[in-house]
Amino acid sequence: MLLLLLGIVVLHVAALVLLFVSTIVSAWVGNPNSSSDLWTNCTTLNGESRCDPADTGVWIQAVQALMILSIIFCFLSLFLFFCQLFTLQKGGRFFLTGVFQIFASLFVMSGAIIYTVMNSEWVHESESYGFSYILAWVAFPLAFISGLIYVILRKRE
């Protein structure tokens, strides 16, 4: 049982780290001369680097909000898990923890979908998706799976 709990915590922390990195790092879209993320658009021309704030459109603000919400819900579910681990009665399920984690996964999925759909309007064809964008998509199934595990998991002695 201890090994199972350790595995679940490692899976949860891995999803949380992926969410942090994908939200913070400036590599959602890029090419050798530019990179863009949720917060800034950076370009390099003639050896000079210039960074401007991200697009002020409603859709990018929605993606920003959803990614921040996913981090908050993922962190809260980890906190709830540790609280429930010590207060939940024997045989009880970690239902609240699982629901929060599933919400975190749905938020990151929604943010990544909005970014994917709206990205074609303002990004050139020469640019490709960066590793932060991919990490956001990897964080989705990790958070969803850990949320399902929490919902199914029962507390033993």
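Since this is a predicted model, take the numbers as computed values, not measurements.

Peer 1: Explain the environment of A143 residue by residue, including any values.
Peer 2: On the secondary structure map, A143 appears in helix α4 (residues 131–152). Among residues more than four places away in sequence, those in contact with A143 are A15, Q101 and S105.

Peer 1: Before we move on, could you go through the nonpolar core and cite the residues and values that matter?
Peer 2: Among the nonpolar cores identified, the biggest contains 25 residues, and L19, W28, L38, V63, M67 and Y115 are the most heavily contacted of them. Looking at this core, the elements that each hand over two or more residues are α1 (2–24), α2 (58–87), α3 (95–119) and α4. Per-element accounting of this core gives the leading share, 10 residues, to α2.

Peer 1: Would you mind going over the packing of aromatic side chains in detail, with residue names and values included?
Peer 2: Under the counting rule described, the total for this entry stands at 14 aromatic pairs. When the centroid spacing of 5.2 Å and the interplanar angle of 75° are considered together, the rings of F73 and F107 count as edge-to-face. Here F73, found in helix α2, pairs with F107, found in helix α3; they are 34 residues apart in sequence, far enough to count as distant. Here F73 falls in the buried class, since its relative accessible area comes to 18%. The structure contains a cluster of three or more aromatic residues connected by ring pairs, namely W28, W59, Y115, Y129 and Y133.

Conventions used here
Residues numbered from 1 in each chain as written. Predicted model: local features only at pLDDT ≥ 70, side-chain atom pairs only at ≥ 80, totals over all residues. Heavy atoms only, no water. Helix = DSSP H or I, 4+ residues; strand = E, 2+ residues; numbered from the N terminus. Contact = heavy atoms within 4.5 Å. Core = buried A, V, L, I, M, F, W, Y, C linked by side-chain atoms within 4.5 Å. Buried < 20%, exposed > 50% of the residue type's maximum accessible area, 1.4 Å probe, protein only. Phe/Tyr/Trp six-rings, centres within 6.5 Å; stacked < 30°, edge-to-face > 60°.

Remember that the coordinates give geometry; whether it matters functionally is a separate question.
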